[in-house]
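Listed here are the chains, written in short residue letters.
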Amino acid sequence: MMALDKVRQRAESDAKTYGYYLNPDADFLKDLLEGLQKNEERYGYPSCPCRVASGKLELDRDIICPCDYRDPDVAEFGTCYCALYIRKDMYEGKTPITPIPERRPQEKQTRAYAVAAEARAEKPPETAKVISPEPSQVKKKLWYCRQCGYVVYREDPPYVCPICKAKREMFAEIAVSTSLSG
Amino acid sequence: MNKTKVPGKNNKHKVLIYAISTCAWCKMTKKFLSDNSVEYEYIDVDLTSDEDHEKIRQDIESKGAPPSYPTIIVDGKTAITGFRKDLIKEALEI
Ligand code: SF4
């Protein structure tokens, strides 16, 4: 198991890079770090402690910590969904830390459920129905940031460019003819 | 579905929390109810089977709430999304 100190260091250094703070409540913070540690152990990646993971990397990619929703959430509400990452004014206690709404699109959750249901249905083959996408059908594409050139190979472009902080709208798809799967 | 019951003096309302075992807001919700001696049951959704998980999701959605955690179900009718102290207090009259 990854040591808790390592999990903490990783979060601290990421917070620093982005100009965020970690939750100032020591117990609350420890709960979240232990949650990340536990998820890394049971799924193989540190998925969000406050969301239910499917256990399938392709379907959980957007909720691996730091999740896709962190940057827009900290910008809009001052904290990420779990309140692990915090904006300065919240850290300093100028604004109270309260729960924020879920930004993750519902269809991403629903898809994870559908795949789990299908996996079950496949056990007795006569009742199996193809009703939902396999993880392999998560269509990844190449996207580039028109502002700085950063390239990412994922289902959707990031909400905010991790390099130059341009908004999602700055991203454009790169059309490629060769297959990148495998 | 395995519910864990947490006894308390105040059992005026039937309270069920759908929680995630690793979620800090969920822990705070449980602690808040315990601190106020409210009797409640909870299910850690991430520790249930896929089938139960699906049932829970449907139950939450049938009450008009999004499937996020914690969700607090009061008297089998009202769903409160998230650790919203004000709404919880109001619903439980505490
Ligand atoms: S909500 Fe916060 S803790 Fe959860 S995955 Fe996103 S950044 Fe990490």
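Rules of the game
- Residues numbered from 1 in each chain as written.
- Chains lettered and ligands numbered in written order.
- Predicted model: local features only at pLDDT ≥ 70, side-chain atom pairs only at ≥ 80, totals over all residues.
- Heavy atoms only, no water.
- Phe/Tyr/Trp six-rings, centres within 6.5 Å; stacked < 30°, edge-to-face > 60°.
- Helix = DSSP H or I, 4+ residues; strand = E, 2+ residues; numbered from the N terminus.
- Buried < 20%, exposed > 50% of the residue type's maximum accessible area, 1.4 Å probe, protein only.
- Contact = heavy atoms within 4.5 Å.
- Buried area = accessible area lost by both parts, 1.4 Å probe.
- Salt bridge = Lys/Arg side-chain N within 4 Å of Asp/Glu carboxyl O.
- Domains from an automatic or database assignment.
- Nonpolar A, V, L, I, M, F, W, Y, C, P; charged D, E, K, R; others polar.
- Polar contact = N/O pair within 3.5 Å; in protein donor to acceptor, adjacent residues only side chain to side chain.

### Brief notes about the packing of aromatic side chains
Then comes step 1: Scanning the model with the defined rule gives 10 aromatic pairs over all chains in all.
Then comes step 2: Ring plane angle 70° and centroid distance 5.0 Å describe the contact between Phe28(A) and Trp25(B), whose orientation is recorded as edge-to-face. Remark: Trp25(B) occurs in helix H1 (residues 24-35) and Phe28(A) occurs in helix H2 (residues 26-43); the pair is interchain, linking two chains.
Then comes step 3: Residue classification places Trp25(B) among the buried residues on the basis of a relative accessible area of 7%.
Then comes step 4: The interplanar angle of 40° and the centroid separation of 6.4 Å between the aromatic rings of Tyr40(B) and Tyr42(B) together place this pair among those described as tilted.

### With respect to the interface of chain B and chain A
Then comes step 1: Contacts between chain B and chain A engage 22 residues on the former and 23 residues on the latter.
Then comes step 2: Between chain B and chain A, roughly 2000 Å² of surface is buried when both sides are summed, and carbon and sulfur atoms account for 59% of that area.
Then comes step 3: Together, Thr22(B), Ala24(B) and Trp25(B) form the three largest contributors to the area buried by chain B at its contact with chain A, with a combined 32%.
Then comes step 4: Put simply, chain B and chain A have 2 salt bridges between them.

### Topic: the domain arrangement of chain A
All names here are of chain A.
Then comes step 1: On domain assignment, one finds that chain A holds domain 1 (4-91) and domain 2 (141-173).
Then comes step 2: Each of domain 1 and domain 2 was reduced to a C-alpha centroid, and the two centroids are 21 Å apart.
Then comes step 3: Listed per partner, the contact involves 7 residues of domain 1 and 5 residues of domain 2.
Then comes step 4: The junction of domain 1 with domain 2 conceals about 530 Å² of combined surface from both sides, 56% of it contributed by carbon and sulfur atoms.
Then comes step 5: Summed over the shared surface of domain 1 and domain 2, the result is 1 salt bridge.
Then comes step 6: Of the charged contacts, one joins Asp68 and Arg154 as a salt bridge, the two residues approaching to 3.0 Å between their closest N and O atoms.
Then comes step 7: Its residues assigned to classes, the side of domain 1 that touches domain 2 comprises 3 nonpolar, no polar and 4 charged.

### Concerning the environment of Asn23(A)
All names here are of chain A.
Then comes step 1: Turning to its location among the elements, Asn23 is positioned in the loop between strand S1 (21-22) and H2.
Then comes step 2: Placed 90 residues apart in sequence, Asn23 and Tyr113 show a C-alpha to C-alpha distance of 31 Å.
Then comes step 3: Contact partners of Asn23, with chain neighbours within four places excluded, come to Phe28, Leu29, Ala83, Leu84, Ile86 and Ile97.
Then comes step 4: At 2.9 Å, the side chain of Asn23 and the backbone nitrogen of Asp25 are in polar contact.

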